[in-house]
Amino acid sequence: MDGYLQALKDAFIFYEAGRYDIKGKQYLKSLEKYYLVDMRLRSLILGERMTDIGRILENIVYLELIRRGYQVSIGKIGNLKVDFIAQKGDERIYYQVAATVLDPSTFQREFRPLKKIGDHYPKYVLTMDEFPMGEDGINQVNIIDFLLEA
C-alpha cells in the first residue's frame, strides 16, 4: 500500500500532511492525512455528495495554505486534533475548519483543541458562517474572506 501512496504523491495527485504532537513538540510517525490536488477527482470517485462539505472545505484550506508557502501539518494535543498547523519560518498559525459552528456542540468541538494550546500563536476557526463568534482570543473567520486575503 505504501508504494501506491508514494506513487500518487510522486504524481502530484495527493499531498501528505504529517501529524505533529503540539505538546510533545515532535512529528509522529503515523496517522498522516492525504489531500487531493484536484477536488474534481474526488467527485469522480465518490460521486457528488454534498453531505461532507466540511471535508471539502478542509481540503481547499490545505491547498491554499500550501499555495501561500506554508509547511502544513495536522496537529494533535492530547486526544484532540487540530486541523492544521501552518508554519513559515518563525511564523506559526493554527486552523480549524468546519462548515458551520452555529450548533453549540460543533462550536465546542472546533474551539476546544485550540483553547488547549498553551502558546500565543494565532488561532483561527474557518467556517461558512456569516457572523463571527470568536472566543478566548480565537478568531472565527468566514472561509471566503480567508481565501480572498491573499
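Each value, and the rule that gives it
Residues numbered from 1 in each chain as written. Predicted model: local features only at pLDDT ≥ 70, side-chain atom pairs only at ≥ 80, totals over all residues. Heavy atoms only, no water. 1 Å grid on protein atoms, 1.4 Å probe; cavity = no way out; pocket = protein on both sides within 12 Å on 5 of 7 lines; lining within 4 Å. Points joined across faces, edges and corners; volume = space filled by probe spheres on them. Helix = DSSP H or I, 4+ residues; strand = E, 2+ residues; numbered from the N terminus. Nonpolar A, V, L, I, M, F, W, Y, C, P; charged D, E, K, R; others polar. Phe/Tyr/Trp six-rings, centres within 6.5 Å; stacked < 30°, edge-to-face > 60°. Buried < 20%, exposed > 50% of the residue type's maximum accessible area, 1.4 Å probe, protein only. Lys NZ or Arg CZ within 6 Å of the ring centre and 35° of its normal. Core = buried A, V, L, I, M, F, W, Y, C linked by side-chain atoms within 4.5 Å. Contact = heavy atoms within 4.5 Å. Salt bridge = Lys/Arg side-chain N within 4 Å of Asp/Glu carboxyl O.

The computed volume of the second largest pocket comes to approximately 220 Å³. What lines the second largest pocket is a set of 16 residues, among which Lys81, Asp83, Val97, Arg109 and Glu110 lie closest to the centre. Secondary-structure elements contributing two or more residues to the lining of the second largest pocket are α3 (53-67), β6 (80-88), β7 (91-97) and α4 (104-116). A class-by-class count of the residues in the lining of the second largest pocket yields five nonpolar, four polar and seven charged.

With that out of the way, let us pick up the packing of aromatic side chains. The description of an aromatic ring pair uses the distance of the two centres, along with the angle that the planes make with each other. Applying the stated criterion across every chain yields a total of four aromatic pairs. Between tyrosine 95 and tyrosine 124 the ring centres are 5.7 Å apart and the planes differ by 20 degrees, which places this aromatic pair in the stacked class. Highlighted residues: tyrosine 95 in strand β7 and tyrosine 124 in strand β8 (residues 123-127), separated in sequence by 29 residues. On the basis of relative accessibility, which here comes to 5%, the residue tyrosine 95 falls in the buried class. Cluster of aromatic residues (ring-pair linked, three or more members): Tyr95, Tyr124 and Phe146. We note arginine 68 situated over the ring of phenylalanine 146; from NZ or CZ to the ring centre the distance is 4.2 Å. Looking at lysine 88, its charged tip hangs above the ring of tyrosine 70, at a distance of 4.5 Å from the centre.

In terms of nonpolar packing, the biggest core is built from 18 residues, with Val61, Leu65, Phe84, Tyr95, Val97, Leu126 and Phe146 touching the most fellow members. If one sorts the elements of this core by residue count, α3 sits on top with four residues. Beyond its immediate chain neighbours, meaning those up to four positions away, phenylalanine 146 contacts Val61, Glu64, Leu65, Arg68, Tyr95, Leu126 and Val141. Membership of the second largest hydrophobic core comes to 13 residues, among which are Val82, Ile85, Phe111 and Val125.

A complete count under the given rule lists nine salt bridges for this structure. Put simply, aspartate 83 and lysine 81 hold a salt bridge, and the shortest N to O gap is 2.3 Å. Aspartate 83 gets classed as buried once you look at its relative accessible area, which sits at 2%. Assessed through its relative accessible area of 35%, lysine 81 is described here as partly exposed. With a closest N to O distance of 3.9 Å, arginine 92 and aspartate 119 form a salt bridge. With arginine 92 in strand β7 and aspartate 119 in the loop between α4 and β8, this pair connects stretches of sequence that are 27 residues apart. Looking at arginine 92, the relative accessible area reads 16%, which means it is buried.

By themselves, these observations are geometric and do not establish any function.
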